[in-house]
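For reference, the chains in residue letters:
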Amino acid sequence: MAFAFGVVLFALGIAISIALHEAGHLVTAKAFGMRVRRYYIGFGPKIFSFRRGETEYGMKWIPAGGFCDIAGMTALDEVTEEERPRAFFRKPTWQRVVVLSAGSATHFLIGIVLIYVLALTSGLPNVADTATAGQISCAANQTSPSALEPCGPGVAAPAADAGLRPGDTIVSVAGTATPTWTDAVKLIQAADGPTPIVVERGGERLTLTMDVAKVQRLDPQTGAPREVGAIGVSQKLIFDYNPLTAVPATFAYTGQMFAQVWQGLMMFPEKVPRLIDAISGGERDLETPVSVVGASVIGGDLAERGLWQVFVQLLVVLNLFVGVFNLLPLLPLDGGHIAVNLYERVRDWIRARLGKVAMPPVDYTKLLPLTYVVILIGGAVSLLTLTADIVNPIRPFQ
């Protein structure tokens, strides 16, 4: 029951995001006085519709997108004499770009709002790998890949003895800066005996001398034990915020998420062969692309296990990905239309500087072959992803 609820809830979240995307186009177009003919969610046969003012609103059976029909969006769009004064192409370039960007901007806004809610309710993960102390314990030997020996009499606790507190950020170890937790671990493991460790606490830097202990750790590659330095501290994985401190944290975290989404988008082409392999029974993991169906299934698994923070983070990633992808300068994406409008503006500016008259709008019929190629490739990848999600779905908890 919880799984089905999670699947439906995640799919509903996607549907709401799509509706808000189109609403972004609708609201900005109306704000600039453009004629909006129709606003629909979904494709295929119509479920219902109603008219308010000059705009028809409705919903269709296939919840795989939507559209906002603005009069005069391209040179191919026929407009009536009544529509012509308020047609899209008659408005200033900056207004057209705002309207075209509004869909992606709405996805970004959804992501920011969800991240802010996460910051207030459950905190934000330490995705920057900050060297901030979490639990302070003892420097124990490792007994398995996921467990240490329990603390007891005679077991050294260098961090606790030196006065390290949860929330302290390790700035340097033995004079070497530690911008990340990974850096701190490497330097501490290489240390032995009394070692100066600088930490930041409440905006103040303190130097703590820790008697680094030697312990047994299992090599992650071979599983063989090896002797390394340890001080008995774990990394703080979740940061908590109040309504005020959550604001800068939200934007910082959003920036980190944008960087990850952009990196994933750039690596997307090399992941397509893994989709083909997954369809034929190959290994499927979270690094392979997923469709709306696959993402909803993962959302169901997360809901079933009560991992609501990860559930919301997945919605955030999806919104940021769609927002960024939609701005790529390729037709029929909004980014392609933005590129055409900016090209027209720059072209006419140059012609004006040369004393020439402005040219007519770009003839979209000449761009149709490239548009069809993009649609064909996008459709093929979508079909591959959907097929993989049906025959070999990602189920990280099974």
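Residues numbered from 1 in each chain as written. Predicted model: local features only at pLDDT ≥ 70, side-chain atom pairs only at ≥ 80, totals over all residues. Heavy atoms only, no water.

### Notes on the pairing of strand β11 (residues 225–230)
Looking along a regular strand, one sees the side chains alternate between the two faces of the sheet.
Logical step 1: Across six bridges, the pairing between strand β10 (residues 204–218) and β11 is antiparallel. Considered in β11, the bridge of Val 215 is made with Val 228.
Logical step 2: The loop that links β10 with its antiparallel partner β11 comprises six residues; one of these, Gly 223, has a positive phi angle of about 80°. (Pairing = 2+ DSSP bridges. Helix = DSSP H or I, 4+ residues; strand = E, 2+ residues; numbered from the N terminus.)

### Here we look at the environment of Pro 166
Logical step 1: Summarising the element assignment, Pro 166 is placed in the loop between α3 (158–162) and β7 (169–173).
Logical step 2: For Pro 166 and Gly 134, which are 32 residues apart along the polypeptide, the C-alpha to C-alpha distance reads 4.9 Å.

### Structural notes on a negative patch on the surface
Logical step 1: A cluster of acidic residues, Asp 161, Asp 192, Asp 211 and Glu 227, forms a negative patch at the surface.
Logical step 2: Looking at where Glu 227 falls in the secondary structure, it is placed in strand β11. (Patch = residues over 30% accessible without salt bridge, like charges linked within 9 Å, V, L, I, M, F, W, Y side chains within 5 Å. Areas by Shrake-Rupley, 256 points an atom, 1.4 Å probe, with all protein chains shown as cover. Salt bridge = Lys/Arg side-chain N within 4 Å of Asp/Glu carboxyl O. Lys, Arg positive; Asp, Glu negative; His and termini not counted. Charge placed at Lys NZ, Arg CZ, Asp CG, Glu CD.)

### What about the UniProt feature "domain: PDZ" (unreviewed entry) in the chain?
Logical step 1: Those residues carrying the UniProt feature "domain: PDZ" (unreviewed entry) are residues 153–203 in this numbering.
Logical step 2: Across residues 153–203, the secondary structure splits into 29% helix and 31% strand, with the terminal C-alpha atoms separated by 35 Å. (UniProt positions renumbered as here; feature names shortened; annotations may be inferred.)

### Concerning unusual backbone geometry
Logical step 1: A cis amide bond links Leu 331 to the next residue, Pro 332, at an omega of 10°.
Logical step 2: Following the sequence through the fold, Pro 332 ends up in the loop between α8 (308–326) and α9 (334–353).
Logical step 3: Positive phi values are uncommon outside glycine, yet Ala 174 reaches one of about 55°.
Logical step 4: Note on placement: Ala 174 falls in the loop between β7 and β8 (176–177).

### Side note on the domain arrangement of the chain
How big an interface is tends to be stated in terms of accessible area lost as the parts join.
Logical step 1: Each assigned domain of the chain is listed here: domain 1 (1–123 + 290–391) and domain 2 (132–236).
Logical step 2: The straight-line distance from the C-alpha centre of domain 1 to that of domain 2 is 48 Å. (Domains from an automatic or database assignment.)

### Examining the packing of aromatic side chains
Logical step 1: One pass over the full model with this rule turns up ten aromatic pairs.
Logical step 2: Aromatic pair Phe 10 and Phe 311: ring centres 5.3 Å apart, planes at 90°, arrangement edge-to-face. With Phe 10 in helix α1 (residues 2–31) and Phe 311 in helix α8, this residue pair connects regions lying 301 residues apart in the sequence.
Logical step 3: On the accessibility criterion, Phe 10 (0% relative accessible area) is buried. (Phe/Tyr/Trp six-rings, centres within 6.5 Å; stacked < 30°, edge-to-face > 60°. Buried < 20%, exposed > 50% of the residue type's maximum accessible area, 1.4 Å probe, protein only.)

### Quick look at the environment of Ala 278
Logical step 1: One can find Ala 278 in helix α6 (residues 268–279).
Logical step 2: Note on Ala 278: relative accessible area 0%, which makes it buried.
Logical step 3: A C-alpha to C-alpha distance of 9.4 Å links Ala 278 and Thr 387, two positions 109 residues apart in sequence.
Logical step 4: If we ignore the near neighbours within four places in the chain, the residues touching Ala 278 are Glu 283, Arg 284 and Asn 392. (Contact = heavy atoms within 4.5 Å.)

### Notes on the nonpolar core
Logical step 1: Counting 18 residues, the largest nonpolar core has Leu 164, Ile 170, Ile 188, Ile 197, Met 210, Ile 231 and Val 233 as the members making the most contacts within it.
Logical step 2: Mapped onto this core, the elements with two or more residues apiece are α3, β7, α4 (181–190), β9 (193–201) and β10.
Logical step 3: Not counting the four nearest positions on each side in its chain, Val 233 is found in contact with Ala 133, Gly 134, Gln 135, Ile 136, Ala 159, Leu 164 and Trp 181. (Core = buried A, V, L, I, M, F, W, Y, C linked by side-chain atoms within 4.5 Å.)

### Some points on the side chain of Ser 104
Logical step 1: Within the element layout of this structure, Ser 104 appears in helix α2 (residues 93–121).
Logical step 2: When near neighbours in sequence (up to four residues on either side) are disregarded, Ser 104 contacts His 21, Gly 323, Asn 326 and Leu 327.

### Digging into the sheet that holds β10
Logical step 1: Strands sit in the order β8-β7-β9-β10-β11 across an open sheet of five strands; the sheet is antiparallel. The outermost strands of the open sheet, each flanked by one partner alone, are β8 and β11.
Logical step 2: The pairing of β7 with β9 spans four bridges and is antiparallel. Bridged to Ser 172 within β9 is Val 198.
Logical step 3: Along the sheet face, α4 touches β7, β8, β9, β10 and β11 and points at about 105° away from the line of β11. (Axes fitted to C-alpha atoms, helices over the stretch in contact; angles between N-to-C directions.)

### A short note on the side chain of Thr 132
Logical step 1: Relative to the helices and strands, Thr 132 resides in the loop between β3 (124–125) and β4 (133–136).
Logical step 2: Residue Thr 132 is classed as buried on the basis of its relative accessible area, which comes to 3%.
Logical step 3: Dropping the residues within four chain positions of it, Thr 132 is found in contact with Gly 167, Asp 168, Thr 169, Trp 181, Ser 234, Gln 235, Lys 236 and Phe 239.

### Some points on a nonpolar patch on the surface
Logical step 1: On the surface, Phe 43, Ile 47, Phe 48, Phe 50, Met 59, Trp 61 and Ile 62 cluster together into a nonpolar patch covering about 680 Å² of accessible area.
Logical step 2: Only β1 (36–52) and β2 (55–70) provide two or more residues apiece to the nonpolar patch.
Logical step 3: At four residues, the largest contribution of residues to the nonpolar patch is made by β1.
Logical step 4: Its location among the elements puts Phe 43 in strand β1.
Logical step 5: Of the residues examined, Phe 43 reaches a relative accessible area of 36% and is grouped as partly exposed.

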